[in-house]
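A closer look at the structure
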Amino acid sequence: MPLTNVRPTAELQALDAAHHMHPFTDQSSLAKKGARIIVRGEGSWLTDSEGERILDGMSGLWCVNVGYGRERLVQAADRQMRELPYYNTFFQTTHIPAIDLAAKLAEICPGDLNHVFFAGSGSEANDTNLRMVRHYWALKGKPSKSWIISRKNGYHGSSVGSGSMGGMAGIHAQGGLPIPGIRHIDQPYWYLEGGDASPEDFGRARARQLETAIDEIGEDNVAAFIAEPIQGAGGVIIPPENYWPEIQRICDEREILLICDEVITGFGRTGHWFGHQAIGARPDIITIAKGLSSGYLPIGGSVVSDEVAEVIGSDEFNHGYTYSGHPVAAAVALENLAIIEEEKLVQRVHDDVGPYIREKWLSLVDHPLVGEATIVGLMGSIALTPHKPSRARFASEAGTVGYICREFSFGNNLIMRHVYDRMIIAPPLVITREEIDILIERVWKTLDQTHARLKDEGLLKAAS
Ligand SMILES: *Cc1c(COP(=O)(O)O)cnc(C)c1O
């Protein structure tokens, strides 16, 4: 298909710099450099305005699970737009896409997660969760149970509520966050924070911080604990194996709700339908977005247990979004789930491409710059280090080296992201073995280039 956009790259970049405010971006330095303009997508590949083909190792922002260019999703949107482009679900009305999508989610979500409150994004869904768990306890006659416990370096979105529950220092530093009533415990990041402890001892200690926090705040004052089964934006941090069983034990023993934020880990990313199945947790609420529609249209939601739904349903919940359950987004999400089922993409990650990439990804630890390589399903990360045995950080400001590495990767037409000095990937679930070979080859090349640059610039020094 010919490109529809043949305007000169420089002209588009100038307009972009003049008028478009990018999320999580230093505008002035981007304006100097010029944003890369993506014009097309097909499968696991993107094309930019210069005609370069780029392998998308990040599925957009962890969302394009079924890959780009899916005609079925275009058709689903087209059909629904012609029939009913919009209607709300506030005032005793509903529509078929929202009904069918809620029922389908109840079918694929395990256990008694049978009820869906729709939102337009992951951030909105987590704002819903914040209000819903507090309202839940109020309805049960325990309005003091309002504190939320979450984790440092967790990510739950960037709205006021979700950004407060998240533990990103950069978000908290701007705009007066976090809001009161939220306690952040430490993350289960053994590689950088475990010191001399074994992963098991460290995992147990980090989980027990939840117990300590509940005791300090008082069980009668805590509403819920929220966490990603595997931290995504924090750097694809896979907790020690005993961490989640210990968290689950604490949640079982105490009267608090467990919210698993499945925005990244849902819909096949880990080789299971949901990440909490991979780690053996039993949440009362899960947050969904991203892979729910493979990013083709914005939609998110909260899937809640029978018990939570029953309590919330006993009164009017004064909450909702104009686009809750948007019919076109819901129709596209439903078709996306049909693709995932028909093409057996969850099993594909579990049995085929997951194990295939795993072996190659883990062998990256043989590179002199790589201190750790980890992967679950199709979400993986490597830690860059100047000194492997001590898992040392670089002497340069955190993120300096990761950024250099990211720039080389971009130059090699592979999209890999950096979180400080950790490199992360989360390719589409449809990535082929041949494409995985290309991805791994480009990662090695990128690491070699980064290594050479660090040597040249004297950056291969460990922090003291
Ligand atoms: C992306 C993300 C969110 C926020 O979703 P948005 O759609 O960007 O608002 C929430 N939680 C997790 C785990 C995410 O990765």
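In this text the structure is predicted, and so the values were computed from the model without any measurement.

**Examining the nonpolar core**
Counting 82 residues, the largest nonpolar core has Phe225, Trp244, Phe267, Trp361 and Ile382 as its most contacted members. The element best represented in this core is helix α14 (residues 327-342), accounting for 8 residues. Dropping the residues within four chain positions of it, Phe225 is found in contact with Ile149, Ser150, Arg151, Ile185, Leu210, Tyr243, Trp244, Ile247, Ile256, Leu257, Leu258 and Ile259. With 19 residues, the next largest nonpolar core counts Leu130, Ile148, Ile182 and Ile226 among its residues.

**Considerations on the side chain of Ser150**
Residue position: Ser150 is located in strand β5 (residues 147-151). For Ser150, the side chain forms a polar contact with the main-chain oxygen of Met165, separated by 2.5 Å. Apart from residues no more than four positions distant in its own chain, Ser150 is found in contact with Met165, Ile182, Arg183, His184, Ile185, Phe225 and Ile226.

**Digging into the site of the ligand**
In the vicinity of the ligand, the contacting residues are Ser121, Gly122, Ser123, Asn126, Tyr155, His156, Gly157, Glu228, Asp261, Val263, Ile264 and Lys290. Between the ligand and Gly122 there is a distance of 2.9 Å, counted from an oxygen atom to a backbone nitrogen or oxygen. Between an oxygen atom of the ligand and a side-chain N or O atom of Lys290, the distance comes to 2.7 Å. Across the shell around the ligand, the residue classes break down as 3 nonpolar, 6 polar and 3 charged.

**Focus: the sheet that holds strand β12 (residues 379-384)**
Strand order in the open sheet made by the 4 strands is β11-β12-β15-β14, with antiparallel pairing throughout. This sheet does not close on itself; its edge strands, each paired only once, are β11 (370-376) and β14 (417-419). When strand polarity is set aside, the average angle formed by the axes of neighbouring strands in this sheet is 20 degrees. Pairing analysis gives 3 bridges linking β14 to strand β15 (residues 422-425), with the strands arranged antiparallel. Considered in β15, the bridge of Arg417 is made with Ile424.

**Some words on the domain arrangement of the protein**
Domain annotation of the protein identifies domain 1 (36-66 + 344-456) and domain 2 (72-342). Between domain 1 and domain 2, the C-alpha centre-to-centre distance is 26 Å. Contacts between the two partners involve 33 residues from domain 1, matched on the other side by 35 residues from domain 2. Of the roughly 2900 Å² buried between domain 1 and domain 2, counting both surfaces, carbon and sulfur atoms make up 62%. Across the contact surface, domain 1 and domain 2 share 0 salt bridges. Inspection of the region where domain 1 meets domain 2 yields 19 residue pairs in polar contact (both at pLDDT 80 or more). Elements with a minimum of two residues in the side of domain 1 that touches domain 2: α3 (59-62), α15 (345-362), β11, β12, β14 and β15. Residues that form the side of domain 1 that touches domain 2 fall into these classes: 18 nonpolar, 9 polar and 6 charged.

The rules behind the values
Residues numbered from 1 in each chain as written. Predicted model: local features only at pLDDT ≥ 70, side-chain atom pairs only at ≥ 80, totals over all residues. Heavy atoms only, no water. Core = buried A, V, L, I, M, F, W, Y, C linked by side-chain atoms within 4.5 Å. Buried < 20%, exposed > 50% of the residue type's maximum accessible area, 1.4 Å probe, protein only. Helix = DSSP H or I, 4+ residues; strand = E, 2+ residues; numbered from the N terminus. Contact = heavy atoms within 4.5 Å. Polar contact = N/O pair within 3.5 Å; in protein donor to acceptor, adjacent residues only side chain to side chain. Near = heavy atom within 4 Å. Nonpolar A, V, L, I, M, F, W, Y, C, P; charged D, E, K, R; others polar. Pairing = 2+ DSSP bridges. Axes fitted to C-alpha atoms, helices over the stretch in contact; angles between N-to-C directions. Domains from an automatic or database assignment. Buried area = accessible area lost by both parts, 1.4 Å probe. Salt bridge = Lys/Arg side-chain N within 4 Å of Asp/Glu carboxyl O.

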